[in-house]
Amino acid sequence: MEINKLLPDLCKYESCLQKADYEFTDAETVSIEQEDELIKEEIKTIVIGHACGNHVTEVHKLLKEIYGDKNNG
């Protein structure tokens, strides 16, 4: 059994650092070579940022600039 201390996620907008109410995620494709030498691809969800209720729009815009907007090309 393991016991891990949980740390709250904080808003990443400038110097806000309030407790985050929102989490931004994206999908990442991971290739895994299996024992039979076939490649298996899995889609994994990754967390790319957090925002408090006051800065959701600003953090969303910032993350779109960094990671692009896959939904709109």
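Refer to the structure above for everything that follows.
This section reports on the structure supplied with the text. (Residues numbered from 1 in each chain as written. Predicted model: local features only at pLDDT ≥ 70, side-chain atom pairs only at ≥ 80, totals over all residues. Heavy atoms only, no water.)

### Points about the state of the cysteines
Threshold: The disulfide criterion used throughout: a pair of cysteine sulfur atoms within 2.5 Å.
Applying the stated criterion across every chain, the model contains zero disulfides. Cys 11 forms no disulfide, and the closest cysteine sulfur to it belongs to Cys 52, at a distance of 3.8 Å. Considering cysteine sulfurs only, Cys 52 is the nearest to Cys 16, which forms no disulfide, with 3.8 Å between them.

### So, the pairing of strand β2 (residues 39–51)
Cut-off, in case you're wondering: Strands qualify as paired when DSSP identifies two bridges or more between them. Only DSSP runs of H or I with at least four residues qualify as helices, and only runs of E with at least two residues qualify as strands; both kinds are numbered from the N terminus onward.
Relative to β2, strand β1 (residues 22–33) is paired through twelve bridges, and the arrangement is antiparallel. Residue Asp 26 lies in a different strand from β2, and its bridge partner there is Ile 46. The turn joining β1 and β2, which pair antiparallel and follow one another in sequence, is formed by five residues; a positive phi near 70° is taken by Glu 37.

### Focus on the side chain of His 55
Let me state the cut-off plainly: Categorising residues by exposure relies on relative accessible area from a 1.4 Å probe, with only protein chains included: less than 20% of the type maximum marks a residue as buried, more than 50% marks it as exposed, and the intermediate range marks it as partly exposed. Note on contacts: a residue pair qualifies if any of its non-hydrogen atoms lie within 4.5 Å across the two residues.
Its place among the elements puts His 55 in the loop between β2 and α1 (56–67). With a relative accessible area of 16%, His 55 lands in the buried category. Once residues lying within four places of it in the same chain are set aside, the contact partners of His 55 are Cys 11, Tyr 13 and Cys 16.

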